[in-house]
Amino acid sequence: ALRVLLNVPALVEPVRMPTMNLHENLQRVYDRVQPNEEQVGHKLQCVVRDLSTNGAFLTGEAVPLLSRVACSFELDGYGSVEAIGWTLWRRSSDCEVPRSDGSMVKLPRGFGVLFEAIPLDARVAIHKMVSRLEHGAN
């Protein structure tokens, strides 16, 4: 998905999955990914570095893979965004990698979140931000 680069403070907290009461017939055949709960309740100060309608990259302490996280951050022109997502990748430390021209670029530690739930009007606001950048509008 197209992304917009940001530098916005965010609060991230790993959270539990809601309990599901399934019919016994369904319980026998139903499988679901279970989130990593190592840091449930641990609040992290992070920074949203890029954002799309589907997810975000946040710098800061990298939470465990498959953590289900609650994220809150401010979005210019919209206000406060509250989202739930899953950590699908992480960089546990800063690292440097070469660009195509041979120079090095520093990549900060952090993690990528795929949104599970985000208000529709927030998703629309993000889409508008990304679209303006894609079309060269300010």
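Residues numbered from 1 in each chain as written. Predicted model: local features only at pLDDT ≥ 70, side-chain atom pairs only at ≥ 80, totals over all residues. Heavy atoms only, no water.

Engineer: I'm lost on the packing of aromatic side chains in this one. Help?
Structural biologist: The description of two aromatic rings rests on the distance between their centres and on the angle between their planes. Enumeration according to the criterion identifies 1 aromatic pair in this entry. With a centroid separation of 5.3 Å and an interplanar angle of 10°, the aromatic rings of Phe 57 and Trp 89 are classed as stacked. With Phe 57 in strand β3 (residues 55-59) and Trp 89 in strand β5 (residues 79-91), this residue pair connects regions lying 32 residues apart in the sequence. A residue is classified by how much of its surface remains accessible, and Trp 89, at 38% relative accessible area, is partly exposed. (Phe/Tyr/Trp six-rings, centres within 6.5 Å; stacked < 30°, edge-to-face > 60°. Helix = DSSP H or I, 4+ residues; strand = E, 2+ residues; numbered from the N terminus. Buried < 20%, exposed > 50% of the residue type's maximum accessible area, 1.4 Å probe, protein only.)

Engineer: Would you mind going over the state of the cysteines with me for this structure?
Structural biologist: As used in these notes, a disulfide is a covalent bond between sulfur atoms, one from each of two cysteines. Tallying each qualifying case throughout the model produces 0 disulfides. No disulfide involves Cys 46; its nearest neighbouring cysteine sulfur is the one of Cys 71, lying 7.9 Å away. What makes Cys 46 buried here is its relative accessible area of 4%. Note on Cys 95: no disulfide assigned, nearest cysteine sulfur contributed by Cys 46 at a separation of 17 Å. Judged by its relative accessible area of 29%, Cys 95 falls in the partly exposed class. (Disulfide = S-S within 2.5 Å.)

Engineer: Please clarify how the sheet that holds strand β1 (residues 4-15) should be interpreted in this entry.
Structural biologist: Within a sheet, each strand pairs with its neighbour through backbone hydrogen bonds, oriented either parallel or antiparallel. One closed barrel accounts for 6 strands, arranged β1-β2-β3-β8-β5-β4; its pairing is antiparallel. The sheet shows a mean angle of 45° between the axes of neighbouring strands, taken without regard to direction. In terms of strand pairing, strand β2 (residues 44-51) meets β3 through 4 bridges, oriented antiparallel. Bridge pairing links Leu 51 to Ala 56 in β3. (Pairing = 2+ DSSP bridges. Axes fitted to C-alpha atoms, helices over the stretch in contact; angles between N-to-C directions.)

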